[in-house]
Each structure stands twice: as structure tokens, then as C-alpha cells.
Amino acid sequence: MAILQLDDLIDPAATKRLVIKVGSALLVGDDGQPRHAWLAGLVEEIAAMRARGQQVVIVSSGAIALGAARMGLAKGGRASLADAQAAASVGQIALAGLWSALLQGHGLGAAQMLVTLGDLEDRRRYLNAASTLGRLLEAGFVPVVNENDSVATEEIRFGDNDRLAARVAQAAGADAVMLLSDVDGLYDRNPADPAAVMLPHVDGVTDAIRAMADAGSASGMGSGGMVSKLQAAEIAERAGIALAIVNGSRDHPIGTAVSQSRGTLFRPQRRDAGRKAWLGGRLDVRGRLIVDDGCSAALLAGSSVLAPGISSVEGDFARGDVVAVCNGAGKAMAQGLAEYSAAECREIMGLREADQQDRLGYAPRPAVIHRDHLVIL
Ligand code: GLU
């Protein structure tokens with residue numbers, strides 16, 4: 001059954017497996033303490049979903065906010081990377097205890113998984129995480145996932161749990177993701193503008209949709225604003241996963257949002273198969289290939305990226321790294337695994353196959369990005 005509206009997310013016939021992301025501002029009060037009563041209401045709802053036959057994965061933020069309060073750190077623990085990492089350490093152990101106790105109250109077992117961006121970017125480690133999630137769900141446990149903030153370094157972090165939730169949903173083979181946040185959903189303009197209207201559905205994140213995301217939409221406590229939520233929606237929509245942004249601030253947040261139909265549902269646009277979905281959701285993009293119009297058109301028709309169509313090469317990447325393929329206007333159209341390093345790409349760009357061997361000193365490979373390792377964005 002297709003997921004067409006918000007209440008399909010609580011219907012086991014449409015959503016067998018659901019990822020629920022809980023933002024820091026909901027989980028932790030201004031005093032730095034967990035919001036126990038609110039959390040108890042949410043866990044009641046999760047227990048009811050489980051009783052109806054839905055499997056649930058929780059992606060929980062809040063480690064940095066909780067830890068910062070315990071350590072007495074300024075700026076909610078986000079003044080420096082060292083502060084954030086230490087706060088995450090102190091907070092994560094409390095967070096795990098909190099979820100475990102709350103779920104246990106309903107006879108549900110919690111299972112903690114801390115992952116880094118690298119864990120999900122590397123195909124082998126990603127498959128490992130996927131099989132652990134699958135095994136836990138099959139055994140009836142509720143995985144509680146967060147980024148392993150204490151070890152992730154600045155350049156290679158998710159930094160926000162919105163995109164993490166979308167990647168976890170892919171790994172878990174989930175049908176849908178619900179981002180519980182302190183914003184109502186996506187508005188067509190800055191929500192502070194009285195004329196702003198919330199979009200109930202989005203069928204494909206386009207440039208017009210991206211233009212609606214306002215950088216001022218972050219709550220201040222967590223780190224994911226509307227921009228990271230839209231990136232999460234794009235990862236999900238290509239993998240056949242629905243994603244909803246709902247305001248979770250009320251008691252029993254899921255039931256309240258669903259019964260009032262308040263939130264924005266990004267409906268899936270296509271269903272890339274496992275490996276292609278993983279590749280399309282990869283975030284650690286190391287460089288860009290700018291291609292000409294002929295190459296752009298061929299790409300959309302299902303071809304590989306070939307050297308003659310490349311007009312410039314940006315960044316420094318190695319063979320096997322993810323690179324973006326951009327049209328002349330600089331818009332990213334696809335991403336895939338480079339068959340050559342950046343230096344080699346610069347040598348052969350614009351050259352016909354017959355001329356590539358002289359430059360490279362060896363027989364050229366069939367493509368710069370083979371279509372099997374390429375995903376249209
Ligand atoms: N992983 C961070 C934490 O647990 C939260 C990231 C976010 O704000 O989305 O505090």
C-alpha cells in the first residue's frame with residue numbers, strides 16, 4: 001500500500017517499518033533536563049504502534065544538550081568541537097538509560113547503536129549496520145540510534161540527525177521516516193510571514209521547494225534546520241521511503257499531528273534498488289565533474305560519463321571516491337564513483353578514447369563514471 005498521507009505512517013498495512021527521529025529541543029527542556037512527561041507520552045505511542053504490528057527505529061538527538069547541562073558548558077555544548085564531543089559522551093549514556101527505562105516500562109527492549117557518517121558511507125560497514133538493524137527488529141527490540149559524536153571529527157560528521165535518520169531508514173529497509181521537530185512542516189515562505197502557508201505534501205524536492213527552506217528555521221538547540229530536513233527528504237524520496245516533518249511539541253506528538261493532519265509529507269518519487277539507493281544517499285562527495293550539454297543529455301538517457309564530455313574537473317579525489325556530475329550551470333545532476341583520480345580526469349577530459357592512451361600511458365577504462373555506479377539526482 002502506497003504512503004499518501006500522514007496517517008498512513010501509523011497504519012501497519014502501509015508502514016511496516018518506521019524510523020522516528022526525535023530532535024534535541026523536544027527531548028531536553030531549557031533547564032537542560034529531559035522532558036520526562038512528554039517522552040512518556042511518545043513512548044506510549046511507540047508501544048501502541050508496536051502492538052499494532054509496526055516495527056520502530058528511534059533516532060534520538062539530545063546527547064550534546066543533556067551532556068552540556070551536566071557539565072555546565074556554555075552555548076549548549078556547541079562552543080567548540082571538543083566541548084560537543086565531551087558533552088555527547090556524558091549525555092549519551094544518560095540518553096541511553098532514559099530510552100531503555102521508558103521502553104522497558106512497556107515491556108520493550110532498547111538496543112543502542114552509535115554510528116558515524118563513515119560507517120554508512122562505506123559499503124561493507126553500511127551492510128553490517130543494515131544487518132544489525134534487521135536482526136534487532138526481527139528479535140523484537142527497539143533500536144535507538146545516534147551519531148557517535150564523541151569520535152566523529154568535524155569534516156566527517158553528519159552533524160544533524162535528519163540526514164542520519166534518512167540513511168538509517170535506508171539501512172533498515174524502512175517504509176517511512178517521521179522527523180519530530182519543533183517546526184510545523186515546510187512553509188512556502190518564512191513562517192514568520194503571516195501569509196505563509198504550510199505544504200501538506202511534496203511530490204519531489206525541486207529548486208522551488210529548496211527555495212522555501214529558510215536558514216532561520218533551526219530551533220537553536222539541535223543542529224538540523226529545514227535545509228538538512230530537505231536533504232533528508234531527497235535521500236528518502238529516491239529510495240522509495242516517505243518522510244514526514246511534523247511538529248512534535250504537543251503531548252502524544254504522533255497522534256496529535258496525525259489526527260490534525262499537521263505536517264509535511266514528502267512522498268517517495270522512485271525506488272532505487274539497494275546499492276543505487278546507498279550510492280545516491282552518499283554525502284561525502286569529494287569533487288565535481290562539469291560536463292557539456294551532450295554529456296548531460298546522454299546521462300539522463302542512461303549513459304556513462306565519458307571523458308570527451310567533461311569540460312572541467314574540481315576537487316581532489318581518488319579512484320573509487322564519490323563525485324558529483326554537474327551541468328554547465330553548475331547544478332549537480334548525478335553522482336557516482338569515479339574510475340579515475342582527479343589528476344587523471346584532468347589529463348583526459350575532452351579527449352576522444354583514441355587519444356586518451358597516450359596521456360595516461362595505459363589503456364583507458366571504458367568510462368570516467370560507469371552507468372552502473374552512477375545515480376541521477
Ligand atoms: N547527535 C546530536 C546529539 O545527540 C544531535 C544532532 C542534531 O541536533 O540533529 O546531541
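Residues numbered from 1 in each chain as written. Predicted model: local features only at pLDDT ≥ 70, side-chain atom pairs only at ≥ 80, totals over all residues. Heavy atoms only, no water.

Student: Residue-level account of the sheet that holds strand β13 (residues 374-376), with values.
Tutor: Within a sheet, neighbouring strands are paired by backbone hydrogen bonds and run either parallel or antiparallel to one another. Strand order in this open sheet of five strands is β10-β9-β11-β12-β13, and the pairing throughout is mixed. Whereas interior strands pair on both sides, the edge strands pair on one side only; in this sheet they are β10 (310-315) and β13. Strand after strand, the sheet turns through a mean of 25° between neighbouring axes, direction not considered. Of the strand pairs in this sheet, strand β12 (residues 332-337) and β13 are connected by three bridges, and their pairing is antiparallel. In the strand pairing of β13, G336 is matched with L374. Most of the contacts of helix α12 (residues 293-300) go to β12, to which it runs at about 70°, and overall it touches β9 (285-291), β11 (322-326), β12 and β13. (Pairing = 2+ DSSP bridges. Helix = DSSP H or I, 4+ residues; strand = E, 2+ residues; numbered from the N terminus. Axes fitted to C-alpha atoms, helices over the stretch in contact; angles between N-to-C directions. Contact = heavy atoms within 4.5 Å.)

Student: Mind laying out the packing of helix α2 (residues 36-51) against helix α4 (residues 81-104), listing which residues take part and the relevant values?
Tutor: With their axes 10 Å apart at the nearest point, α2 and α4 run at an angle of 55° to one another. If you check the angle between α2 and α4, you find them oblique. Crossing of α2 against α4: the hand is right-handed. Facing H36, L39, A40, L42, V43 and I46 of α2, the residues of α4 in contact are L98, W99, L102 and L103. (Parallel < 35°, antiparallel > 145°, perpendicular 65-115°, else oblique. Left-handed = near helix turned anticlockwise from the far one by under 90°.)

Student: An account of the packing of aromatic side chains is requested, with residue identities and associated values reported.
Tutor: Between two aromatic rings, the relevant description is the distance of the centres plus the angle of the planes. The full count for this structure, using the stated rule, is one aromatic pair. Stacked on the ring of Y340, the Lys or Arg R365 has its end atom at 4.9 Å from the ring centre. (Phe/Tyr/Trp six-rings, centres within 6.5 Å; stacked < 30°, edge-to-face > 60°. Lys NZ or Arg CZ within 6 Å of the ring centre and 35° of its normal.)

Student: Explain the pattern of salt bridges residue by residue, including any values.
Tutor: Pairs may arise between side chains of opposite charge once their charged atoms sit close together. Under the defined criterion, the tally for this structure stands at 20 salt bridges. A salt bridge links E121 to R167; the shortest N-O distance between them is 3.3 Å. Residue E121 is located in helix α5 (residues 117-121), and its partner R167 is located in helix α7 (residues 161-172); the two are separated by 46 residues in the primary sequence. R210 is the partner of E234 in a salt bridge, and the nearest nitrogen-oxygen pair spans 3.1 Å. In this pair, E234 sits in helix α9 (residues 226-238) while R210 sits in helix α8 (residues 207-212), placing the two residues 24 residues apart along the sequence. When its relative accessible area of 31% is taken as the criterion, R210 is described as partly exposed. (Salt bridge = Lys/Arg side-chain N within 4 Å of Asp/Glu carboxyl O. Buried < 20%, exposed > 50% of the residue type's maximum accessible area, 1.4 Å probe, protein only.)

Student: Can you lay out the side chain of S296 for me, pointing to particular residues and giving the numbers?
Tutor: Mapping S296 onto the fold places it in helix α12. A residue is classified by how much of its surface remains accessible, and S296, at 8% relative accessible area, is buried. Setting aside residues up to four positions removed in sequence, S296 forms contacts with V291, N327 and M333.

Student: Go over the pairing of β9, please, and point to the residues and values.
Tutor: Across five bridges, β9 lies against β11 in parallel orientation. Residue pairing for β11: I290 is matched across the bridge by C326. Pairing geometry for β9 and β10, over five bridges, is antiparallel. Its bridge partner lying in β10, I290 is registered against S312.

Student: An account of the environment of R271 is requested, with residue identities and associated values reported.
Tutor: Counting through the fold element by element, R271 comes out in the loop between β8 (264-266) and α11 (274-280). Measuring from C-alpha to C-alpha, the distance between R271 and G240 comes to 4.2 Å, with 31 residues separating the pair along the chain. Filtering out sequence-adjacent residues up to four positions away, R271 remains in contact with R238, A239 and G240. Within the structure, the side chain of R271 is placed 3.1 Å from the backbone oxygen of G240, a separation counted as a polar contact. (Polar contact = N/O pair within 3.5 Å; in protein donor to acceptor, adjacent residues only side chain to side chain.)

Student: Lay out the sheet that holds strand β1 (residues 17-22) with the relevant residues and their values.
Tutor: Strand order in this open sheet of eight strands is β3-β4-β2-β1-β5-β7-β8-β6, and the pairing throughout is mixed. Where the open sheet ends on each side, the last strands, each with one partner, are β3 (110-115) and β6 (201-202).

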